[in-house]
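# Inside the fold
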Amino acid sequence: MKKRSRSLSQKVFLLIIGSIGATILFSFFFLHFLYKDLYLKSIRESVMHQGENTAAHYHYGVLNKEIIDKIHWFNIVSEYEVIVVNDFDELNEHFPYKVGGKPLLESSDRSELTKGDSILKEGYVKSFDRDIVSAVFPIQGENGLIGLVFIYVPLEAMQEVFQASMPILIVSGGIYFILLFLVVNRIRQSMFKPLDDMQTMSREVAKGNYSHRLALSEYDEVGQLAHAFNIMSSSLEEQEARKKEFISNVVHELRTPLTYINGYTEALKQAMYSSKEEADNYLTTIQRETNRLNQIVHDLIDLNYLEESLYVIDKEPIAVAQILYDTLNLFQIRLSQKHLQTDLNIDEDLIIAGDPKRMQQVFYNVIDNAVKYSPEKEMISVKLVQKDECMVFVVTNQGFTISEEDIPRLGERFFRTDKARSRSTGGTGLGLSIVRQIVSLHDGTFSVDSTNEKGTEVSVAINLMEETFKE
């Protein structure tokens, strides 16, 4: 069975709590060590100071009653114990205990004292059941060592103070840890709840459910990530809706010509016609619908190619007016058939950096739409002019008006404003999608405006080459 690992939230939580706990313990032991070290240092210094002062009273080299009385008084008012003796044996009689498991005075200590040097002794005394800090000071006379001053202090006061503070430290440390635990846990929840929600939501997205959104309480880094996740889900939801619509449109667009082809092929196969002219009409319809299928497939392949992220336009300086004239010549027959007039306003000096074949595709598709949807004997306006630092291509026709809600969707695959009319014109519904994509690859803009007064106006704007607008 696979062992379940801890979540990121749990790992961060344990890391923070562990760090806090380790910090508290370190602080506790450090303060204990520091307090003890400073305390012992101050005791040592105090013992040495008091011992030196006491030994200084014997500068006359005699132990008189006045000095002994002063020592007794000092023993009463001070926490230190002071013993004054004449020799080493007498000191051993007054203090027959071992310090730290060793005799108070060893041979090396006696040598130091005989030379006039004091010694410091500290350690555990079993009879007192505590540690002591002590010092022995020599009293020098005219003929050498005449006595010893022994001063010591038990360390019970320090232990009692520390033991008294232990409950306070434990209680205050526990309260601090609990409060910190609650605060950290609240912060953890505020930080990682959106991540948990995102994990749950990602599973729904993986199932194809894009309708859920994350609630945003804060707009920090995690909140921004949740906001980006919401945008992604919304985008996926829109893409899913567009994909379904696209598939529906593709099926619709392909089904109709296939139905015509199948029906008329079956009619020809079974000789369901009364004359050669009727059979020719069947064949013409089959050919038209076959061409229509080929055009749909060609346009889809072309559009997918243009939408590839790695596709790059091969730009070169092009005189767009000449390309526009060549494109207009392709429509002369169709313009004559519908008795359409053209109003041309073309600036022949405009030069842009672009792909000539793709730009002709833009001109052709825009003009083709204008010719398809223009009533007979109407006027089509074609402009190619400079505006600021851009080439602006505008085609206006007097066809039916496009509603405001449909205008933003122009350029979507297979989108038509008038299904029946588009079927009669034979369009694939992909022409403006291709135009929009080519214009985008040229870093240009594409727009459509439609009103009853001026008709439908399609505009394309692309930056001119610098040499053009500098002139």
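Residues numbered from 1 in each chain as written. Predicted model: local features only at pLDDT ≥ 70, side-chain atom pairs only at ≥ 80, totals over all residues. Heavy atoms only, no water.

### Notes on the packing of helix 10 (residues 356-372) against helix 12 (residues 431-441)
Here helix 10 crosses helix 12 at 145°, and the two axes come no closer than 9 Å. Crossing hand, helix 10 versus helix 12: left-handed. In this structure, helix 10 contributes Arg-358, Gln-361, Val-362, Asn-365, Val-366 and Asn-369 to the contact, and helix 12 contributes Gly-431, Leu-432, Ile-434, Val-435, Ile-438 and Val-439. Looking at the contact of helix 10 with helix 12, its residues break down into seven nonpolar, four polar and one charged. (Axes fitted to C-alpha atoms, helices over the stretch in contact; angles between N-to-C directions. Helix = DSSP H or I, 4+ residues; strand = E, 2+ residues; numbered from the N terminus. Left-handed = near helix turned anticlockwise from the far one by under 90°. Contact = heavy atoms within 4.5 Å. Nonpolar A, V, L, I, M, F, W, Y, C, P; charged D, E, K, R; others polar.)

### Regarding the packing of helix 8 (residues 320-329) against helix 10
Two numbers describe how helix 8 lies on helix 10: the axes approach to 9 Å, and their chain directions differ by 45°. When the axis of helix 8 is compared with that of helix 10, the two are oblique. The way helix 8 lies across helix 10 gives a crossing that is right-handed. Touching Val-320, Ile-323, Leu-324, Asp-326, Thr-327 and Leu-328 of helix 8 are Pro-356, Gln-360, Phe-363, Tyr-364 and Ile-367, all from helix 10. Taken together, the residues of the contact of helix 8 with helix 10 break down into eight nonpolar, two polar and one charged. (Parallel < 35°, antiparallel > 145°, perpendicular 65-115°, else oblique.)

### Brief notes about the environment of Glu-348
Here Glu-348 shows up in the loop between strand 6 (341-346) and strand 7 (351-354). Separated by 23 residues in the primary sequence, Glu-348 and Tyr-325 place their C-alpha atoms 9.9 Å from one another. Residues contacting Glu-348, with those up to four places away along its chain left out, are Ala-321 and Tyr-325. For Glu-348, the side chain forms a polar contact with the side chain of Tyr-325, separated by 3.0 Å. (Polar contact = N/O pair within 3.5 Å; in protein donor to acceptor, adjacent residues only side chain to side chain.)

### Some thoughts on the packing of aromatic side chains
By convention here, two paired aromatic rings are described through the distance between centres and the angle between planes. As enumerated under the stated definition, the model contains 10 aromatic pairs in all. An angle of 90° between the planes, with centres 5.1 Å apart, marks the rings of Phe-95 and Tyr-97 as edge-to-face. Exposure remark for Tyr-97: the relative accessible area of 29% places this residue in the partly exposed category. Clustering of aromatic rings is evident, with ring pairs tying together Phe-95, Tyr-97, Phe-128, Phe-150 and Tyr-152. (Phe/Tyr/Trp six-rings, centres within 6.5 Å; stacked < 30°, edge-to-face > 60°. Buried < 20%, exposed > 50% of the residue type's maximum accessible area, 1.4 Å probe, protein only.)

### Focus on the pattern of salt bridges
Evaluation of the coordinates by the stated rule reveals seven salt bridges. With a closest N to O distance of 2.6 Å, Arg-334 and Asp-368 form a salt bridge. On the criterion of sequence distance, the pair formed by Arg-334 in helix 9 (residues 332-337) and Asp-368 in helix 10 is long-range, its members being 34 residues apart. Overall, Asp-368 belongs to the buried group, its relative accessible area being 10%. Salt bridges sharing common partners tie together Arg-334, Asp-368 and Lys-372. (Salt bridge = Lys/Arg side-chain N within 4 Å of Asp/Glu carboxyl O.)

### Structural notes on the sheet that holds strand 9 (residues 390-397)
Strands belonging to one sheet form pairs held by backbone hydrogen bonds; the direction of such a pair is parallel or antiparallel. Spatial ordering of the open sheet is given by 6-8-9-11-10, a layout of five strands whose pairing is mixed. The open sheet has two edge strands with one neighbour each: strand 6 and strand 10 (445-451). Pairwise comparison of adjacent strand axes, ignoring direction, gives a mean angle of 10° for this sheet. In the sheet, strand 8 (residues 379-387) pairs with strand 9 via seven bridges, with the strands oriented antiparallel. (Pairing = 2+ DSSP bridges.)

### Considering the confidence of the model for the protein chain
The pLDDT averaged across the protein chain works out to 77; a share of 76% of its residues lies at or above 70. Within the model, pLDDT remains below 50 along residues 419-424, and this stretch shows 11 contacts once partners closer than five positions in the same chain are excluded. (pLDDT = per-residue confidence, 0-100.)

### Focus: the nonpolar core
In this structure, Leu-324, Leu-384, Met-391 and Phe-393 are the most contacted members of the largest nonpolar core, which totals 37 residues. Those elements that provide at least two residues to this core are helix 8, helix 10, strand 8, strand 9, helix 12, strand 10 and strand 11 (455-463). It is helix 10 that provides the largest number of residues to this core, a total of seven residues. Residues Ile-83, Val-85, Val-125 and Val-136 belong to the second largest nonpolar core, which totals 16 residues. (Core = buried A, V, L, I, M, F, W, Y, C linked by side-chain atoms within 4.5 Å.)

### Some remarks on the sheet that holds strand 2 (residues 119-125)
Within the open sheet, the four strands sit side by side as 1-4-3-2. Their pairing is antiparallel. Bordering the open sheet on either side are strand 1 (81-85) and strand 2, each of which pairs with just one other strand. Averaged over neighbouring strand pairs, the angle between their axes works out to 20° when direction is ignored. Pairing of strand 3 (residues 130-141) with strand 4 (residues 144-154), which is carried by 10 bridges, proceeds in the antiparallel orientation. Opposite Val-133, over in strand 4, you have Val-153 as the bridge partner. Docked against the sheet, helix 4 (residues 107-114) engages strand 2, strand 3 and strand 4, running at close to 40° with respect to strand 3.

### Quick notes on the pairing of strand 10
Side-chain alternation along strand 10 places Phe-446, Val-448 and Ser-450 on a buried face and Thr-445, Ser-447, Asp-449 and Thr-451 on a face that remains uncovered. Here strand 10 pairs with strand 11 via seven bridges, running antiparallel. Among the inter-strand pairings, Ser-447 is bridged to a residue of strand 11, identified as Ser-459.

### Thoughts on the environment of Lys-377
Mapped onto the elements of the fold, Lys-377 is located in the loop between helix 10 and strand 8. Residues Lys-377 and Leu-340, spaced 37 residues apart in sequence, show a C-alpha to C-alpha distance of 4.9 Å. What Lys-377 contacts, discounting residues up to four positions off in sequence, is Lys-338, His-339 and Leu-340.

### Description of the side chain of Asn-230
Following the sequence through the fold, Asn-230 ends up in helix 6 (residues 221-269). Overall, Asn-230 belongs to the buried group, its relative accessible area being 11%.

### Regarding unusual backbone geometry
In the Ramachandran plot, His-339 falls in the positive-phi region, its phi being about 55° despite a non-glycine side chain. Structurally, His-339 is set in the loop between helix 9 and strand 6. Judged by its relative accessible area of 45%, His-339 is partly exposed. Positive phi, normally seen in glycine, also occurs at Asp-388, with a value near 55°. Position of Asp-388 among the secondary structure elements: in the loop between strand 8 and strand 9.

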